[in-house]
Structure formats: C-alpha cells, structure tokens
Amino acid sequence: MDTSLPPADELVLVDRELARLDARRSQLLARRAWLIQALYRPVSAAAPQPYPRPPVADSTPRSAQNVLLTLGGTLLTIAAVAFTLVSWGSMGIGARSAVLFVVTSATLAAPVALLRRGLVSTAESVAALGLVLMVLDAYALHRVALPGTDGLGYTAVAAGVLAGAWAAYGSALSRLRIPLPVAVVAAQLPLPLGALAAGGGPTAVAWAALVTASADAAAALWTRPAAVRITAGAAATALGGWALLTGGWLSLVSPWSGAALLLAGTVVTLFVAWRVPAFAAAASAVAGLSALAAVGGLLRSALPADWAVPGYVLCALALASVWRLGTSAGEETGAAPGTGATATATSGGAAGTAAPVDVPGSGRPHGAESGSAVRAGGRLPHGVRLGLAGAGAGVAALGVVWALPPVVTGLLGPVGRTTGVWSGEHAERVLTSYPATAALVLLVAVAVLAAVPRLWARCGAVALAWALLTALPVSLDLSYPVTLSLQLLTTSAALVAAVRPGLLTRGLRPAEAAGHAAPAAQAAGPTGSESASATGGPAAPVAGPGTPWAPWAPSPLRPATAGVDARAAIGWSAYVGGLASAVSAVGLALDVRGATFAALGVLLGLFTGVAVLGAGARRVVSAVAAVLAATGLVIAVAAAGGFEDHWTALTLLLVPAATAAVGSRAPRPVALAVEITGGSVGLLALGIAASRPAFLALALALGGVIAAATAVRPERRRFASWTAAVLFLLATWVRLAVSDVTTPEAYTLPVTVPALVVGFLRRRRDAEASSWTAYGPGLAATLLPSLVAVWTDPEWTRPLALGLAALAVTLLGARFRLQALLVLGGAVLALVGLHELAPYVVQAVGALPRWLPPALAGLLLLGVGATYEQRLRDARRLRERLARMR
C-alpha cells in the first residue's frame, strides 16, 4: 500500500475503521431482527383445533365382535365335546337323546332368528357350533345305538349324510358362508372310506379318490359361491394328485390297472384344462404326464428292459408333437408365435364354452380366446397345447439325460489314464452293462430337434449329434482302432461344421436364419407396412392415447432371437464339441506310439485349417490348438528318438521359432495368440534344460536369437528387443557360472556396456533426458558391485582399476555437466580412496600422541565456525550447480 504515514500510525487508523464498521453492523442486525418480528408474527401454538380428532381405537368394532364370537363358539364346542365324551355315562338313554336332540335342534334353528335381526356374524358362530354338534350326534349314535357297526363303513355313511345335511342347510340359509364349504370337505370321505371298508386295495381306493376329485372339479366349475369353488378346487387337486400318484406307482407294478386309472385321470384333467384357460397349461401338463405314464407302463411291460426308456421317449415325442396341431400359418413362416391365435380370438368376440374370466385391461373375457381358437379350424387351445407339449418335452429331456452316461464315459475315459504311455495296453471298459439303446435315444432326439425350424433346436441337434458319436464306442463296445478313428472323425466333422455352418442353418425360420441382420433392421425403425413386410404378418398395433390397454401394448413384432447370429451360434455349438473330442482323442492315442503320431498329425492339420479358414475367436483358439499339437508332435519325435531331456529342450525351441515366423504373416489377433503360445513352449524348454546349465545357456542364447529376429518387425520391436537382451544376458551369466568365473565385472560389464550405449542414443535423440535415466542404471550395474568387491579384496589391482574408472567417470560428468556421472563417479572415487587410505590413517593415528586428535578436532570446529556463513554459501552454490546439471 502506498502511504506516507509511518506503519504505527497507519495501524491505529485501520483499527479505528474496523471498530466503526463492527458497530454499524451490530445496528443493522438489530434493525433487521425488529423488521422480521413486525412482518411475520408467530402463530399461537395454543390455538384450539376446530375439529378435534377422536382417539384411534386399537381395533374396529367388527374385528372385536369376530374375536368374541370365535372365542364363545370355541368354548361352547369344547364344552359339548367334554359333555359327550366324559359326562355321557351319568345319564340314561332317554335323557341322552333328549339333550342331544334339544341342543342340536336349538343350535341349528338359532341362526334363522339371528339372520332376521341382521346378526350375520353371530349366526355364523352358532351355525358352526351346530355343525360340530351334528358330528358329536353321529359319534354318540354309533356308541349307543350301533356299537357293532364297522368304524370305517359307519364313518363313510355318516360323512355322506352329514355332507348332504350341511349342503341342504347351507342352501336354505344362503347368507351363511360356513355350511357349504364344510359340506364339500365332508364329501371327500364317503367314497375313499367306503372303498377301504369294502376291503378294496390301492386300486379301488385310488378310483374312489379320482371319482371324488371329479365331483369336486364339477363343483368348482359349476357352483357359484366363491368359497365353495375354492374349497372344491383344493380338494380336487389334493385327491386327484394322490390318485394320479397311485396310478403312476401302479403303472410300474401292475401296468394295466395303473393305465386305466391314469387315462381316466387324464380325461378329467384335460376337461378341466379345456374349461379353465387360466389353469390350462398346468392341468394339461399333469394330463400329459399321466398319459405318458399310462402308455409307457404298458409298453414297458411288453418290451425288454433295455427298451423301456426308449419307449417312454417315443411316447413323449409323440405327445410333444401336439404343439404342431395348433400352429398357424403365420407361425410356420416365421411370424411371432400366437399372432394367429390372437387374431382369431379377437374376431371371435367373447363367446366361449368356459365361464368368462375378465382379464384386466383387455376388455374381453379370458375364456374367449380358447373358445374361438377351438372353433377356428378345430385347433387345441394354446394353454392345452403348451402343457401337453411341455410334458412331452420334459419326459424326452429326462430320457436324453438317461442316455448321457455313455457320453461322459466316452469323453473322459481316455483322459483318466490307468496305463502307461505307449505301453500298448488299453484301459478297461466301464459301463459295459449300460443299455445300448441309449444311443438310439440320442439318435431319435437328434432327428426330432433337427426337424424343428428353430435356432435353439438346431444347436441342440448339433450338440446331441456330437454326443451320439462320442457315446457309440461305449454303447457298441467298439475296438480301439475303430474308437480312435471315430473320435478323430467326430473332431473333423465338428470343426468342419464350425467353419462352414451354412448347411446346418437350412430350414430355419427366415427371421432366425438371418438373425445377424436383425439389429440393423431394428435400428432403421420400420413402421407400418414396412414392419409388416419385414415380419411376414400384419403390423403390430401401436399404443397411444386412444388405446385403453396402453401399458400392455405389444412392441413391434421382431424375431425372438434378434441380434443372435445363427451361423455363429451353431458354429460355436459344433466347435466346443470338436475341442472336447480332440482332447479325448489325444488321451486315447497315447496308448500306442503310431496312434499318437497319427492323431497329433490329424489334429495339427485340422486346427491349422480352422485357423486359416475360420473367423473370429474360433480362429484364434484353433491357432493356439495347432501350436499345442505341433508341440506334442515335437515331444513325441524326441521321445521316439530317445533324446535326453536337454536335447528335447533344444528341439522344443523349434516351436517358438516357427510361431515367430508364422506370426509375421498372420493377422494380428492370431499372431499374438500364436506367439504367446510359442513363448510358453519356450519357457517349458528352458525348464527342461535347467538340469544341464551348459545346455540352458545354449537354450537361452537360441531364445535370444529368436527374440532378436522377432524384433525386426515394427509392431514387436520394443518388447522383443528387451526380451532378446535379457535372454542374451542370462545366457552369458549361465555360461560364466558354468566356467566358474567369480569376478563380478564379468557379469556386470555385459549389462553396463549395452545400457550405456542405449543411454547415449537416447541422449542424442532427447537432449533434455536426465542423465540418471540414461546413464545411471548402466554405471550403477558395474560400479556398485565392484565397490563392494573392493572392500573385500586384499589385492591392489581392483582398487586401482576401479579408482581410475571412477575418476574418468567423474571428469566426464564435470566436463559435460552430467549429474549422474559426477555424483556416482565422485562417490565411488571417494570411497575407494578412503578404502586405500584407511590403513595408513589408522597407523598414523596410532603413532600420534593421545592429545593430538582432540586438538585437531577442536581446531577444525573453530575453523568451520569462523567461516560458517561462507561454507553455507559454498554448499548452496554447489547444490545449485548440481541441480543445473542433467
């Protein structure tokens, strides 16, 4: 600040001005608080509310009433049971009858009066008590009047009578909700208990349960009260399921009895599926499983044991073909599934045979779709077809799983070796007793999937075809040559299919066969007639303000597998199988020497062909596999020639040499993968040669030559050049160690000289580069180990040579202003000089008087103290000069 006042006077003026500003700020804050209080007066917190809120009750009157009525009815029921079971014997027969009749009649009549007064909940509780009293009446009647009657028979008759009485009672008093569901529950007992009382076996009881379940299904379909329908549906599900499970067990022990029961259950379940579209898929799936169990059980009794599973699979595939009965023309040509059915259902209106069930937001009943679908050409409803086809497909899938153990054995058996390599002996067969019909199941599955024009089916067919070829040697017990030939043939076929999958895409839906073009078509955004022409059907409706079902509006029709390349999917399905078969074939070929060479040669040719003709990741993987096959051939040749380990290691270096040559002409991804694999083989060769240091040095040198040749290529120059330098250095060190050279300079100078040359070239290219990065590593590699050796070397030659070298480095650093050379050379020169002068200093100190060293130290301190400022300036000047150096 420019001012003529002294600093002390100016400070006083500044303090006064700050105090004045603080006082003014306090005045303004007080005024602001008064203004806020005047403008915004607070509302009184004690103002009474115009409408006081009543206290919240812990429970509503209706819930409290229900709790009280439930507790009261429960207590009365307990009292009635205790009276009947405990106090019954203290009264005569007339008193007993009078008490039961009067109490039961009064209890059943009380709800009538209660309903007239509007006490519905009280009437429900009393009616429930009356129903319990009727059960106690039946029990008392059996104990007093009919003690000799069979318990099961009497229970069946009593349950039927009670069910009828409760049904009539509930129908008369329709406002009561308890009697009718209880009547449905009681109606479940008469027929099964009657069958047991008549001495019927499991078949008779299952038939009785099925008839009862059918009656329950009818009640669920045609009665109006929701409670009755829910109770009847649950009862039908439980009894029907138990009857069908019993039928499934009977199909194994008594096929004809079980078949009749299962087929009857199938008819009932299909009828329910037809009438109730909401449960059509689940009910028809149960029906399909029942039908398969019935027919399969009959076939199982007529066929040999090995053909049981194929029989089930054939029946399942026949059932799965039901899906084709309702496939519309649009679906067969590639339109979205369900388009034709939806259009038919929409034109059919709300007419249908089933009770319509409203679908939220659709504006039409749920049952209309199935009804119109049935009328349109007699096709099965979509849900029924879905359930039946799903049941068939599930059983067929289980059959395929049953056929997989030979596949696993054929694939993994050769890998888990139990014999020596090239011993000529073969491992014992496993799963020799497994049915040979497993291959037939796989063959049928392949044929069926190949006939389905869908991408997932075609991929499954390719996978199962590979599984079939893998399982054939185990299922048919083929000989070793045939098994190996079949393995190689399977690998060849799979790899050819992976390279040229176009033949396998024939017959697919057009949208799926051209799945790779779907994203581009969707990006173009076809609308209207363009969308219709692209999908082969009418354009999908677009949601808008006028559509009441806008949240459920379908998106524009597009292929189900949009964005999936059919050729890529099928190619990968085949390629994975080919890789697995290749590994299995190599493991199998190791039993015989000639087979090993043949298998590795064939695989080398196959994978080389895929690497040349393939595309994408399969090409890269095949190139790596080809390198591994070549490595196996080299090892096999060395083993056949009786090479020792170190000669085998040198022979293996042919592989990285070949991969370096191939990498110079191959595309970049393939070249990189091939060279990495070749480098890994080179490391394996070095590991094998480690037992002989002389050959290890030779192997390292040969590896350096290969790396140096690779460094000629511009894209590999940086990495390969450093690799070559490291390999040459390691080869030199190993060679020196073999020659018993212990001089450290022999190991460090081969590092220092190239490092200094590289640093000099870098400094020429970049004059601003630091001398520490250019020359520091190279100089330290030799100076520091030599300095350590000097302090342990009693001779004078090494200290003299190291001192001269350090002096030269120091002078060069001072001449060319290089910090690294000056610091390193000076430090080493000082330490070498100290090492050389130390003995003489010790002798001189020992010859001097004892008082002289402290005196010299004191004089030194006095001199330093007297010139302290000058020494500091000298130190700063030296530091600045060093800092200005590079």
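Residues numbered from 1 in each chain as written. Predicted model: local features only at pLDDT ≥ 70, side-chain atom pairs only at ≥ 80, totals over all residues. Heavy atoms only, no water.

### A closer look at the overall build of the protein
Then step 1. Of regular secondary structure, the protein possesses 38 helices and zero strands.
Then step 2. Buried positions account for 35% of the 886 residues belonging to the protein.
Then step 3. Of the contacts made within the protein by residues no fewer than 6 positions apart, 68% connect residues no fewer than 24 positions apart.
Then step 4. Carbon together with sulfur atoms contributes 70% to the accessible area of the protein, which is approximately 49500 Å² in total. (Helix = DSSP H or I, 4+ residues; strand = E, 2+ residues; numbered from the N terminus. Buried < 20%, exposed > 50% of the residue type's maximum accessible area, 1.4 Å probe, protein only. Contact = heavy atoms within 4.5 Å. Areas by Shrake-Rupley, 256 points an atom, 1.4 Å probe, with all protein chains shown as cover.)

### Brief notes about helix α25 (residues 593-613)
Then step 1. A rise of 1.5 Å per residue sets the reference length of α25, with its 21 residues, at 30 Å; its end C-alpha atoms lie 30 Å apart and thus fit the reference within 8%.
Then step 2. Of all the positions in α25, only Ala 595, Thr 596, Ala 599, Leu 600, Leu 603, Leu 606, Phe 607, Val 610 and Ala 611 are classed as buried. One face of α25 carries all of its buried residues, which in axial projection span an arc of 135 degrees. Of the exposed residues in α25, those oriented more than 90 degrees away from the buried face are Val 612 and Leu 613.
Then step 3. Its buried side turned inward, α25 meets α20 (480-499), α24 (566-589) and α26 (617-640). (Expected span 1.5 Å × (residues − 1). Arc of directions from axis to C-beta.)

### Examining the side chain of Thr 782
Then step 1. Tracing the backbone through its elements, the reader meets Thr 782 in helix α34 (residues 776-790).
Then step 2. Among the polar contacts made by the side chain of Thr 782, one reaches the side chain of Thr 748 at a distance of 3.5 Å. (Polar contact = N/O pair within 3.5 Å; in protein donor to acceptor, adjacent residues only side chain to side chain.)

### A look at the confidence of the model for the protein
Then step 1. For the protein, per-residue confidence averages 79 on the pLDDT scale, and 77% of positions sit at 70 or higher.
Then step 2. Low pLDDT (under 50) marks residues 516-562, which in the prediction has 35 contacts with non-local residues, meaning those over four places away or in another chain. (pLDDT = per-residue confidence, 0-100.)

### Overview of the pattern of salt bridges
Then step 1. Under the definition given, this model contains six salt bridges.
Then step 2. One salt bridge connects Glu 17 with Arg 20, and the closest N-O pair in it is separated by 2.4 Å. Of this pair, Glu 17 and Arg 20 both sit in helix α1 (residues 7-39), three residues apart, which is roughly one turn of the helix.
Then step 3. Among the salt bridges present, the one from Arg 713 reaches Glu 675, with a minimum N-O distance of 2.4 Å. Highlighted residues: Arg 713 in the loop between α30 (693-710) and α31 (717-738) and Glu 675 in helix α29 (residues 668-689), separated in sequence by 38 residues. The pair formed by Arg 713 and Glu 675 is uniform in burial state, with each residue classed as buried.
Then step 4. Within the structure, one salt-bridge network assembled from shared partners comprises Glu 675, Arg 713, Glu 715 and Arg 716. (Salt bridge = Lys/Arg side-chain N within 4 Å of Asp/Glu carboxyl O.)

### Remarks on the side chain of Arg 618
Then step 1. Looking at the element boundaries, Arg 618 is found in helix α26.
Then step 2. For the buried residue Arg 618, which engages in no salt bridge, the nearest side chain bearing the opposite charge is Asp 565, 7.4 Å off.
Then step 3. Among residues more than four places away in sequence, those in contact with Arg 618 are Ala 498, Ala 568, Gly 571, Trp 572, Tyr 575 and Val 610. (Lys, Arg positive; Asp, Glu negative; His and termini not counted.)

### Some points on the packing of helix α12 (residues 308-320) against helix α18 (residues 437-451)
Then step 1. Interhelical geometry of α12 versus α18 gives an angle of 15 degrees and a closest axis separation of 10 Å. Classed by the angle they form, the pair α12 and α18 counts as roughly parallel. Crossing hand, α12 versus α18: right-handed. Side by side, α12 and α18 meet where Pro 310, Val 313, Leu 314 and Leu 317 of the first sit next to Thr 437, Val 441, Val 444 and Val 448 of the second.
Then step 2. Within the contact of α12 with α18, the residues separate by chemical class into seven nonpolar, one polar and no charged. (Axes fitted to C-alpha atoms, helices over the stretch in contact; angles between N-to-C directions. Parallel < 35°, antiparallel > 145°, perpendicular 65-115°, else oblique. Left-handed = near helix turned anticlockwise from the far one by under 90°. Nonpolar A, V, L, I, M, F, W, Y, C, P; charged D, E, K, R; others polar.)

### Examining a nonpolar patch on the surface
Then step 1. A cluster of nonpolar side chains, contributed by Leu 263, Val 295, Leu 299, Leu 303, Trp 307, Leu 440 and Leu 443, occupies part of the molecular surface with about 540 Å² of accessible area.
Then step 2. Of all the secondary structure elements, the ones that give two or more residues to the nonpolar patch are α11 (280-302) and α18.
Then step 3. Tracing the chain through its elements places Val 295 in helix α11. (Patch = residues over 30% accessible without salt bridge, like charges linked within 9 Å, V, L, I, M, F, W, Y side chains within 5 Å.)

### Topic: the packing of aromatic side chains
Then step 1. Within this structure, the stated rule accounts for five aromatic pairs.
Then step 2. When the ring of Trp 647 is compared with that of Phe 695, the centres are 5.1 Å apart and the planes differ by 70 degrees; the resulting orientation is edge-to-face. Of the two residues, Trp 647 sits in helix α27 (residues 645-652) while Phe 695 sits in helix α30, which places them 48 residues apart along the sequence.
Then step 3. The exposure class of Trp 647 is partly exposed, given its relative accessible area of 45%.
Then step 4. Between Arg 618 and the ring centre of Trp 572, over which it is positioned, the NZ or CZ distance is 5.4 Å.
Then step 5. Directly above the aromatic system of Phe 816 lies the positively charged group of Arg 815, at a separation of 5.2 Å from the ring centroid. (Phe/Tyr/Trp six-rings, centres within 6.5 Å; stacked < 30°, edge-to-face > 60°. Lys NZ or Arg CZ within 6 Å of the ring centre and 35° of its normal.)

### Description of the environment of Leu 686
Then step 1. Among the secondary structure elements, Leu 686 is positioned in helix α29.
Then step 2. Given the relative accessible area of 18%, Leu 686 is considered buried.
Then step 3. Distance in space between the C-alpha atoms of Leu 686 and Ala 649 is 6.7 Å, their sequence separation being 37 residues.
Then step 4. Once you skip the residues sitting within four places of it in the chain, Leu 686 turns out to touch Leu 696, Ala 699 and Leu 700.

### What to know about the nonpolar core
Then step 1. By size, the foremost hydrophobic cluster in this structure holds 35 residues, and its most contacted members are Leu 292, Leu 319, Val 407, Leu 442 and Leu 464.
Then step 2. Sorting the residues of this core by element identifies α11, α12, α16 (382-402), α17 (405-412), α18 and α19 (455-476) as the ones contributing at least two each.
Then step 3. The biggest single contributor to this core is α19, with eight residues.
Then step 4. Excluding its chain neighbours within four sequence positions, the residues that come into contact with Leu 319 are Gly 288, Leu 292, Leu 388, Ala 389, Ala 391 and Gly 392.
Then step 5. Among the nonpolar cores identified, the runner-up in size contains 25 residues, and Ala 611, Val 655, Leu 727 and Val 734 belong to it. (Core = buried A, V, L, I, M, F, W, Y, C linked by side-chain atoms within 4.5 Å.)

### Things to note about the environment of Ala 302
Then step 1. Among the secondary structure elements, Ala 302 is positioned in helix α11.
Then step 2. A relative accessible area of 62% places Ala 302 in the exposed class.
Then step 3. Separated by 47 residues in sequence, Ala 302 and Pro 255 have C-alpha atoms that sit 9.9 Å apart.

### A short note on the environment of Ala 808
Then step 1. Locating Ala 808 in the fold gives a position in helix α35 (residues 797-816).
Then step 2. Taking the C-alpha atoms as reference points, Ala 808 and Leu 821, separated by 13 residues in sequence, lie 9.3 Å from one another.

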